[in-house]
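Coordinate analysis (summary)
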2 protein chains.
Amino acid sequence: MTFTLFAPQAVSAQVAGGDGLGHVPFAMTRGTEGTWTVTIPPPVPGFHYYWLVLDGVDVNDPGSRTYFGYGKETSGIEIPEAGVDFYAIKRVPHGEVREKWYFSKSTGEWRRALVYTPAEYVTHLSRRYPVLLLQHGMGEDETGWTRQGRAQFIVDNLIAAGKAEPMIIVMDRGYADKPGGTPFKLTAETSGRDIRIAFTRFEEVIVHDLIPTIDASYRTIPDREHRAMAGLSMGGMQSLFIALRHLDTFAYVGALSAPMMRSVAPDARFGSNLVGAFDTKTAYDGAFSDPAKFNDRVKLLWLGAGTAEQTLQQSISGAVEALRKSGVRLVYFESPGTAHEWQTWRRDLQDLAPRLFR
Amino acid sequence: MTFTLFAPQAVSAQVAGGDGLGHVPFAMTRGTEGTWTVTIPPPVPGFHYYWLVLDGVDVNDPGSRTYFGYGKETSGIEIPEAGVDFYAIKRVPHGEVREKWYFSKSTGEWRRALVYTPAEYVTHLSRRYPVLLLQHGMGEDETGWTRQGRAQFIVDNLIAAGKAEPMIIVMDRGYADKPGGTPFKLTAETSGRDIRIAFTRFEEVIVHDLIPTIDASYRTIPDREHRAMAGLSMGGMQSLFIALRHLDTFAYVGALSAPMMRSVAPDARFGSNLVGAFDTKTAYDGAFSDPAKFNDRVKLLWLGAGTAEQTLQQSISGAVEALRKSGVRLVYFESPGTAHEWQTWRRDLQDLAPRLFR
């Protein structure tokens, strides 16, 4: 795969990017006419964020569309996967993705959720539907699951094939900073205390603002047996944090490539939470401490990771092992050969969605 | 207004942008720490496209959101207008903007339209609504009217105040190139023939694919008296071209900052079509040649321009004068002090929408 940039006056140029693109950065070479190029080994299939480093400045490729990632507009490229079309737009009935603006009392701001309604929603006017809250990762926003993830096409295809229940999918922006406050940013150094503060704010938005708005605005089945929360990476952490504290509200929870928090010690750094034994008795305020009760209450605990995520995959599979050993029932899915990237999460959704609400 | 870019290794940096930003480009000055800055005179209020020129390469500002303009992702900045809130999100009932995917037989491709449904659409389930097709300009796409134009908030506010009829607004991508063909690009050199070919292709999509899809998918009132087409710049040219040829389909037409074509001579260059007398007998295949018939048939012909658009405004107002003199009834609106830019088109929509379907 070759990248090209016309920049006769530039002194240096590189291609950089996210997991899955390869061993970034790749140095570009200047041709005689001022066109810089680099050919990189074919990346794994799927969607990859990337950007150019032009004389030391990270900029988008002027020839690319942009996608919200890394906290800003970022170039992206789609590598087709041979023989795989579960996320392609096909000749099947298509749902709509709707912009839903609502006022959040919790944060004092207008927020935008994106709401997928299945194709039959506009014709089966007396039918009500279950709801999946589906969250993006750190640095992304509410557009990630439909633009990078192609969630609407994955679910359109599953529903058309009779493999998933028709459902409403709600994608909100996973930040709930107080107006004027410092935006939350999750890094290895973030303390357990700060994570809890940020997630508790988002929990308020979800529980007090978003869910009532969705139940008032759409034909939902507004009970726990018909409500799920799942997310990728930070969004999976939020899903575990929020759904496990609100099992009166959610019966299904999914965490995709999401760090399983070992402890919630206020002073522990996030990075240190990923290593060591996963104590099923204390994790998540004891949500897993009574496996029989948990299994009775939670219809699905879904965990997943890409096999190329290395440290994170080991951390998650370690937690999976401990949970299973303790008697907690769960589904664990591995995406072969993919890392912390959207192809993993597309495959995750393809596995997860058919298990919901049935 | 000050722009800042951290680029210690850069040799030169400038701020450039669209109409309304000022006399671009503005040279940035390097500070001792490698931070480049420039302070520019306050631009007129509204939305402005802009970009940075980093060592000769047009790149987006890494600190900006991007908006589709100039045929690519482009940085943008919003300058508030004191005391003006008609395009603000307010505590009124909000409609939804829905992504509607449909297969176009005309072009053999899946296309995405954005469809605004008014707030009451989801509660007044037996009511049917009129439809406005609303088109973006050259280099933009179907996202322009809601992201740059804030059309959904303008119309939410108008409907809430009882100033506009609740309506469905359909925003499609104004290109209909054959798959694999050269994308249409409108410049001063484009011939009348090429414009006609490109617009005829888009006309096929509108008439044969889009309108039937919308009428089958939404609770529309599917007759000419409840269908309008309007657009800005190239989108206004398309609206005149298509709607005036299909007065069995449209009764309302609006052209916002849109060149009024003097002739459709196949070999005439687009640039030459803007100057000289506007012959009301021959323009648009004679659509205006019988003013009494036109006035009887067309419920609204709406034309507008910004007073700072200079050549274009003179061209449009010249056509307006000729049309009025010939007896054609029309509304002409001028946006004071604004050029070929979104603040003009927001004001246009604020004037136009209340005149539709009443």
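Residues numbered from 1 in each chain as written. Chains lettered and ligands numbered in written order. Predicted model: local features only at pLDDT ≥ 70, side-chain atom pairs only at ≥ 80, totals over all residues. Heavy atoms only, no water.

Moving on, we get to the overall build of chain A. If you tally the helices and strands in chain A, you get eight helices and 17 strands. Rg of the C-alpha trace for chain A: 21 Å, near the compact-globule value of 21 Å for 358 residues, within the 12% margin. With respect to the principal axes defined by its C-alpha atoms, chain A has extents near 70 × 50 × 45 Å. Per-residue burial for chain A yields a buried fraction of 60% across its 358 residues. For chain A, the proportion of contacts with a sequence separation of at least 24, taken over those separated by at least 6, is 72%. Surface accessibility of chain A: about 13,800 Å² in total, with carbon and sulfur atoms responsible for 53%. (Helix = DSSP H or I, 4+ residues; strand = E, 2+ residues; numbered from the N terminus. Rg over C-alpha atoms; globule rule 2.2 N^0.38 Å. Buried < 20%, exposed > 50% of the residue type's maximum accessible area, 1.4 Å probe, protein only. Contact = heavy atoms within 4.5 Å. Areas by Shrake-Rupley, 256 points an atom, 1.4 Å probe, with all protein chains shown as cover.)

Time to look at the layout of surface pockets. All names here are of chain B. Taken as a whole, the second largest pocket holds about 980 Å³ of empty space. Those elements that place two or more of their residues in the lining of the second largest pocket are strand E6 (46–54), helix H4 (234–245), helix H7 (311–326) and helix H8 (342–352). The element contributing the most residues to the lining of the second largest pocket is E6, with three residues. (1 Å grid on protein atoms, 1.4 Å probe; cavity = no way out; pocket = protein on both sides within 12 Å on 5 of 7 lines; lining within 4 Å. Points joined across faces, edges and corners; volume = space filled by probe spheres on them.)

The relative placement of two packed helices is expressed as an angle between their axes plus a distance between the axes. All names here are of chain B. Contact geometry for helix H3 (residues 192–217) and H4: axes closest at 10 Å, N-to-C directions at 65°. One way to sum up the angle between H3 and H4 is to call them roughly perpendicular. Crossing angle aside, the handedness with which H3 passes H4 is right-handed. On the side of H3, the interface is formed by Ile195, Arg196, Phe199, Thr200, Phe202, Glu203 and Ile206, while H4 contributes Met234, Met237, Gln238, Phe241, Ile242 and Arg245. When its residues are assigned to classes, the contact of H3 with H4 shows eight nonpolar, two polar and three charged. (Axes fitted to C-alpha atoms, helices over the stretch in contact; angles between N-to-C directions. Parallel < 35°, antiparallel > 145°, perpendicular 65-115°, else oblique. Left-handed = near helix turned anticlockwise from the far one by under 90°. Nonpolar A, V, L, I, M, F, W, Y, C, P; charged D, E, K, R; others polar.)

With that out of the way, let us pick up the pattern of salt bridges. Residues and elements named next belong to chain A. What the rule picks out here adds up to 44 salt bridges over all chains. One salt bridge in this structure joins Arg112 and Glu99, with 3.1 Å as the shortest N-O distance. In this pair, Arg112 sits in strand E11 (residues 109–117) while Glu99 sits in strand E10 (residues 96–104), placing the two residues 13 residues apart along the sequence. Under the relative-accessibility criterion, Glu99 is labelled buried at 11%. (Salt bridge = Lys/Arg side-chain N within 4 Å of Asp/Glu carboxyl O.)

Once that is clear, we can look at the sheet that holds strand E1 (residues 2–6) of chain A. Residue and element names in this part refer to chain A. Taken in spatial order, the three strands make up an open sheet running E1-E5-E4, and their pairing is antiparallel. Of all strands in the sheet, those with a lone pairing partner are E1 and strand E4 (29–30), marking the two edges. When E1 meets strand E5 (residues 35–39), the two strands line up antiparallel, connected through five bridges. For Thr4, the partnering residue across the bridge sits in E5 and is Thr37. (Pairing = 2+ DSSP bridges.)

A separate point is unusual backbone geometry. Each neighbour pair has its own omega, and for Val24(A) with Pro25(A) the value is -5°, a cis peptide bond. Note that Pro25(A) resides in the loop between strand E2 (13–17) and strand E3 (26–27). At Ser233(A), a residue that is not glycine, the phi angle is positive and equals roughly 50°. Structurally, the position occupied by Ser233(A) is in the loop between strand E14 (227–232) and helix H4 (234–245). Positive phi, close to 55°, is recorded for Gln310(B), a residue that is not glycine.

Attention now moves to the side chain of Asp209(B). Residues and elements named next belong to chain B. You can see Asp209 is positioned in helix H3. No salt bridge is formed by the buried Asp209. Its closest oppositely charged neighbour is Lys105, at 6.5 Å. Here the side chain of Asp209 touches Ser104 through a polar contact of 2.7 Å, side chain to side chain. Among all residues touching Asp209, those that are not within four sequence positions of it are Tyr102, Ser104, Lys105, Ser106 and Glu204. (Lys, Arg positive; Asp, Glu negative; His and termini not counted. Polar contact = N/O pair within 3.5 Å; in protein donor to acceptor, adjacent residues only side chain to side chain.)

The subject of this paragraph is the interface of chain A and chain B. In this assembly, 38 residues from chain A lie in contact with 38 residues from chain B. Carbon and sulfur atoms supply 57% of the area buried between chain A and chain B, which totals about 3,300 Å² over both sides. Seen at the junction of chain A and chain B, the total is six salt bridges. A salt bridge links Arg98(A) to Glu96(B); the nearest nitrogen and oxygen atoms lie 2.9 Å apart. For the pair chain A and chain B, the number of links is eleven residue pairs in polar contact (both at pLDDT 80 or more). No other element matches the seven residues that E10(A) contributes to the side of chain A that touches chain B. Its residues placed into classes, the side of chain A that touches chain B shows 17 nonpolar, nine polar and twelve charged. (Buried area = accessible area lost by both parts, 1.4 Å probe.)

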